[in-house]
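Chain by chain, the residues:
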Protein chains: 2
Amino acid sequence: MSLVRKHILRITPYKAGKPIEETKRELGLKKVIKLASNENPFGPSLKAIKAIEKNLTQINRYPDSHSFYLKKRLAGYYHLQPANIILGNGSDELIDIIIKTFVEDDENIITAKITFLEYEIIAQINKKKIITVPLRDFKYDLKAIKKRINQKTKLIFISNPNNPTGTYVNKYEIEDFMQDLPDKVIVVFDEAYDTFIDADDFLSGMSYVPKRNVIVLKTFSKAYGLAGLRLGYALTKEIFASYMERVRQPFNVNILAQIAGESALEDDGFLAKTRREILEGKRYLYKELNKLGINYIPSVANFILIDIKRDGVEFFKKMLSYGVIIRDMQQYGLKNFIRVTIGTSKENKIFIDVLKKILHKRKELR
Amino acid sequence: MSLVRKHILRITPYKAGKPIEETKRELGLKKVIKLASNENPFGPSLKAIKAIEKNLTQINRYPDSHSFYLKKRLAGYYHLQPANIILGNGSDELIDIIIKTFVEDDENIITAKITFLEYEIIAQINKKKIITVPLRDFKYDLKAIKKRINQKTKLIFISNPNNPTGTYVNKYEIEDFMQDLPDKVIVVFDEAYDTFIDADDFLSGMSYVPKRNVIVLKTFSKAYGLAGLRLGYALTKEIFASYMERVRQPFNVNILAQIAGESALEDDGFLAKTRREILEGKRYLYKELNKLGINYIPSVANFILIDIKRDGVEFFKKMLSYGVIIRDMQQYGLKNFIRVTIGTSKENKIFIDVLKKILHKRKELR
C-alpha cells in the first residue's frame, strides 16, 4: 500500500545538479566554471560578508520572526511600509505561500508554458489547477493569457524578465493586460532579474503596488549575490501581506540572510559594478555568437538562451567534459537549446573557447 | 471582496516576540536575557562558526540541492543511507512537507492538545483536519490517542520530549502504542530535545526506522546551537523520503546551514558540555523553585514549565521589566504557567533573583 497522496506521484520534480566538487572528482577536472544558475559571478557583496562575520556568534538564537530591521530598510527603499513586505526563504517559498493563501481548491492559476518551472511544480504540489499558455516569439503572450482567464482564475504568474528566455513584456503590453482585469484576479510579477534590464519600455509591477491586486516578487539570489542564503521578498498591498503572514512560517528566513540582505541592499557600488560587467559580458557573448553564426534570443537578464541546433543534453555533457557547466533546456521542452549565465569576462571567454572547440570537432568529424 | 481563502482567516497564527534590541530600546534596558525559545545559551559551536567563515565567499552560489555532504555525514551518524534523510528549513518546514506529502484532503491528523503549536497551525494552513487529544498528567496520553484513530487517520505527531511540558512518553508506552497500529498510519516522533534526556526508559523513534511507518524529526536548533540558521531533518524509510523529496523545494536549506551542520554534528565536546551544563542548571532551578515552594513539571528537556499560580501574561511582562524574557503559555491554554529555558548558570541565577523580587513585592503589597 502506497501511503503517498496520489497527485504527488504525478509531479515531475525540479532537477538540480550535483555539487561542483563531486562533478570535479567524477570527471577528474581541476577547474570547473558554473554558468548554469544565473548567480552573480562576482561573488557576494563584501559588505554582506562583513556583516555576517560580525554576527556569527548569534546563530544559536532564532531569527527575528518579523525581520524587523530588513523590512524597515526595504520599506525605505521602495517608499512603502514594512506591512507591505513579506520575506521568504527564497522566492520559491513565496510562490508556495501565495498559492496557499489565495487559491481555493476549485480555483485556477495561469502562467506561460515556458517559464520558471516552480510556478507549475508548486501549484501541482498544492493540488491546484494550473493553465500554461504558449509563448509567442519566446515572449509571454499576455493577450493569450488574458483570453484564458475564467471565473475560477485567481492567480497569474508573470516572470518578467522571463526565465529561461531572457525576454520581457513591455510597458504597453502590461498596461493593456492590466486594463479591465476581473476584480478577483491577482497578478504576480516575478522580477528576479530586474537589475539587468536595459530597455526603456520596461514597466515594473511596482507601479501597481499597493493599489491594484498585484504582488511583486524580488530576490537577493541574482544581482545581490546571496543565492546561497535564500532570501526573496514580496511587495503588495497591506491586506494581502497580512493574509500571507498568516501562512508564512514564523522562522522561515534565517538570521544571516536577514543581516546580509540589509547590507547588500545598501551596497550600491557592488550592484552597479555587477550590472555594468554583466551588460559588457552580454555584448561580448552576442558578438562572439554572431561571429559563429549561432542564434540566440536577445536577453534583458543575466543569461542567454541559445539555439544550439542539436541535442542540448548532449551538448551540456560535452561542455561539462571541458569543465563548463551550462543548463540544458530539456525540462522546459526546448530540446535544442541551452541557457548560459553571463559570467565574469574570463568565464565568458572560456565558454566561447569551449563552444568553438566543440563546434570545430564536429566539423572535423564530418 | 476578500480574496484570501476562507480557512486561512480562521487560523490563529503563531506569535513571536520582537527583536531583543527593540525590546531593550522600548523598555530602556541595558541588558536583557532570553530564556524563552529553548536555544542553546552557550552559543553556536565554534567549529561551526569556523566552517562558516571559511565558506562565506561562496554564498553567491545556490546551495547544494541534495545536501550531499551533510546527508552523507548524518547517514554515517545514524547508520542509515543518505536516501533515508530529508533536510528542512527547520523542522517547521518538514512538518509542512510531511502533511503535504501524505495527508489527503479527507484524511486526518492526531496530536496532543498541549504540544508544539506548529502541528496544528500547519495542518490548518493545509486545510487538514487535526484532532487534538488532552494530555494526562501533563504527558501525551498515547492510549487516548490510539482510541481516536479511525479509518481516515493518516498522521500522528508525538513531540517526545513534549514542548512545552518537558515530559516524555516512555519505552513501554511507546511499545504498547506501536503495537497493532493500522498499516496506513504514519507516526512522526519529533525529538527536537533528545540531547537533554536523562531518563533510562526513553525510547527513540529511531528504533522503528526504517522498518515501520515512522518519521523521526531532529533539529540543529536546540542542543546544536544553530537555531538562527534553520536546519532540521527527518529520518524515515527510503520510500517515504523519496515521496517527501518530491514535495521539498530544491533549495530549501541554505548553504551555511549545511556547512555549519556538518561541523556541529562532529563537535562532540560542545554537545557534551551543553548537556552537562543544562542538567546542572536544571538541578539548580529545581532546588531554588523547591525552596520557594513553586510547583513545576519535572522536565527531560532544556526548559521547565512552571505553575506560577497567577496570570502568566502579567508575569511575563513583569519579568520583562527586569530584563528577563520567558514565555507565557497563553497560546497553549495554560493561563497560570510560564515556560523558562534553562540558561547559563549566570542566567539561571538572574532568573531566580528576579523571580524572588517579583514574589517579594507581591507579599509587601498584600
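Residues numbered from 1 in each chain as written. Chains lettered and ligands numbered in written order. Predicted model: local features only at pLDDT ≥ 70, side-chain atom pairs only at ≥ 80, totals over all residues. Heavy atoms only, no water.

A. Fine view of unusual backbone geometry. A cis geometry characterises the amide bond from Val209 of chain A onward to Pro210 of chain A, with omega recorded as 5 degrees. The topology assignment puts Pro210 of chain A in the loop between β6 (186-190) and β7 (214-219). The phi dihedral of Asn38 of chain A is positive, around 55 degrees, even though this residue is not glycine. Even without a glycine there, the phi angle at Lys309 of chain B is positive, about 55 degrees. If you trace the backbone, Lys309 of chain B turns up in the loop between β10 (303-307) and α11 (312-321). Looking at Lys309 of chain B, the relative accessible area reads 56%, which means it is exposed. (Helix = DSSP H or I, 4+ residues; strand = E, 2+ residues; numbered from the N terminus. Buried < 20%, exposed > 50% of the residue type's maximum accessible area, 1.4 Å probe, protein only.)

B. Spatial organisation of the domain arrangement of chain A. All names here are of chain A. As assigned here, chain A comprises domain 1 (6-42 + 269-365) and domain 2 (46-267). Domain 1 and domain 2 are separated by 25 Å when their C-alpha centres are compared. Each partner contributes to the interface: domain 1 provides 32 residues, whereas domain 2 provides 30 residues. Summing both partners gives a buried area of about 2700 Å² for domain 1 against domain 2, and 66% of it is carried by carbon and sulfur. If you sort the residues of domain 1 by the area they bury against domain 2, Leu271, Val300 and Tyr332 come out on top, with a joint share of 25%. Salt-bridge contacts for Lys282 lead to Asp198; the nearest nitrogen and oxygen are separated by 3.1 Å. The interface formed by domain 1 and domain 2 includes 13 residue pairs in polar contact (both at pLDDT 80 or more). Elements supplying a minimum of two residues to the side of domain 1 that touches domain 2: α1 (6-9), α11 (268-292), β10 (303-307) and β13 (337-341). Class assignment for the residues of the side of domain 1 that touches domain 2 results in 18 nonpolar, 10 polar and 4 charged. (Domains from an automatic or database assignment. Contact = heavy atoms within 4.5 Å. Buried area = accessible area lost by both parts, 1.4 Å probe. Salt bridge = Lys/Arg side-chain N within 4 Å of Asp/Glu carboxyl O. Polar contact = N/O pair within 3.5 Å; in protein donor to acceptor, adjacent residues only side chain to side chain. Nonpolar A, V, L, I, M, F, W, Y, C, P; charged D, E, K, R; others polar.)

C. Fine view of the interface of chain A and chain B. Of the residues lining the interface, 82 residues belong to chain A; the matching set on chain B comes to 82 residues. Together chain A and chain B conceal approximately 7000 Å² of surface at their shared face, both sides included; 57% is due to carbon and sulfur atoms. Taken as a group, Leu3, Tyr62 and Arg246 of chain A account for 12% of the area that chain A buries against chain B, more than any other trio of residues on that side. Taken together, chain A and chain B are joined by 12 salt bridges. The salt bridge partner of Arg61 of chain B is Glu39 of chain A, with a shortest N-O separation of 2.6 Å. Between chain A and chain B we count 52 residue pairs in polar contact (both at pLDDT 80 or more) in total. Of all the elements in the fold, those that place two or more residues in the side of chain A that touches chain B are α1, α2 (20-27), α3 (46-55), α4 (68-78), α5 (91-102), α6 (118-125), α9 (238-247) and α10 (255-266) of chain A. A per-class count over the side of chain A that touches chain B returns 36 nonpolar, 19 polar and 27 charged.

D. Main features of the sheet that holds strand β12 (residues 327-328) of chain B. All names here are of chain B. Spatial ordering of the open sheet is given by β9-β10-β13-β12, a layout of 4 strands whose pairing is antiparallel. Every other strand in the sheet has two partners, leaving β9 (295-297) and β12 as the edge strands with one partner each. Two elements, β10 and strand β13 (residues 337-341), share 5 bridges in a ladder whose sense is antiparallel. Bridging from a neighbouring strand, Asp307 pairs with Phe337 of β13. Strand contacts of helix α10 (residues 268-292): β9 and β10, with the helix running at about 10 degrees to β10, the strand carrying the most contacts. (Pairing = 2+ DSSP bridges. Axes fitted to C-alpha atoms, helices over the stretch in contact; angles between N-to-C directions.)

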